Amino acid sequence: MHGSDTENEPSAGRGNGVDHEFLALERELAVFLRRARANSGEMAREVHPELEPAAYGLLVRLEETGGQRGTELAGYFGIGKATMSRQLRALEALGLVNREPDPADGRASLIRITDEGRARFQRVRGARREAYVQKLANWDRAEIAELARLLHQLNVSAES
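No experiment lies behind these values; they were computed from the predicted model shown. (Residues numbered from 1 in each chain as written. Predicted model: local features only at pLDDT ≥ 70, side-chain atom pairs only at ≥ 80, totals over all residues. Heavy atoms only, no water.)

This next bit is on the packing of helix H3 (residues 70-77) against helix H4 (residues 81-93). What describes two packed helices is the angle between their axes and the distance between those same axes. Interhelical geometry of H3 versus H4 gives an angle of 115 degrees and a closest axis separation of 9 Å. The angle between H3 and H4 falls in the class roughly perpendicular. Crossing handedness for the pair H3 and H4: right-handed. Contacts between H3 and H4 involve Gly 70, Thr 71, Leu 73, Ala 74 and Phe 77 on the former and, on the latter, Lys 81, Met 84 and Leu 88. Looking at the contact of H3 with H4, its residues break down into five nonpolar, two polar and one charged. (Axes fitted to C-alpha atoms, helices over the stretch in contact; angles between N-to-C directions. Helix = DSSP H or I, 4+ residues; strand = E, 2+ residues; numbered from the N terminus. Parallel < 35°, antiparallel > 145°, perpendicular 65-115°, else oblique. Left-handed = near helix turned anticlockwise from the far one by under 90°. Contact = heavy atoms within 4.5 Å. Nonpolar A, V, L, I, M, F, W, Y, C, P; charged D, E, K, R; others polar.)

Below, the discussion takes up the pattern of salt bridges. Side-chain pairs of opposite charge can arise whenever the charged atoms involved come near each other. Throughout the structure, instances matching the rule amount to 12 salt bridges. Across the pair Arg 69 and Asp 102 runs a salt bridge whose closest N-O atoms are separated by 2.7 Å. Of this pair, Arg 69 sits in the loop between helix H2 (53-65) and H3 while Asp 102 sits in strand S1 (residues 97-102), and the two are 33 residues apart along the sequence. Salt-bridge contacts for Arg 99 lead to Glu 92; the nearest nitrogen and oxygen are separated by 2.9 Å. Here Glu 92 falls in the partly exposed class, since its relative accessible area comes to 30%. Among the ionic contacts, a cluster of salt bridges with common partners joins Arg 69, Asp 102, Asp 105 and Arg 107. (Salt bridge = Lys/Arg side-chain N within 4 Å of Asp/Glu carboxyl O. Buried < 20%, exposed > 50% of the residue type's maximum accessible area, 1.4 Å probe, protein only.)

Function cannot be inferred from these measures alone, as they are strictly geometric.
Below, the structure written as structure tokens:
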């Protein structure tokens, strides 16, 4: 392999070669994440023109959980409490979420998506799902299920 581009690259338990599978994974994830960020921005603007791209993910989580404390949301997304508070205040000002007393602890609040927020979110989510159906029309359903399973496994691994 004298003179090859991979000669000086660190190995990852594969002898003297480069671990091509992990390089390919890194490359594909970078492209996927770049596109996902752009899509989140578009979807956030479709929910509300003033909605920040990162806030779309908050609506996804609140739709899934029914409601959570701000500190739980901050922990789930791996961001600071101050950043989460700012994002939640913006969502609240747009009428997309509200706060209500946490029945488990009256000193705390649960953040819940409002009816207006849910209606806007579900409309955009439905359009997004339809776009996936069109983009993956040539995929076998088992391949789609396997991709979802593997992405879930990757997300679980990233949390630990």
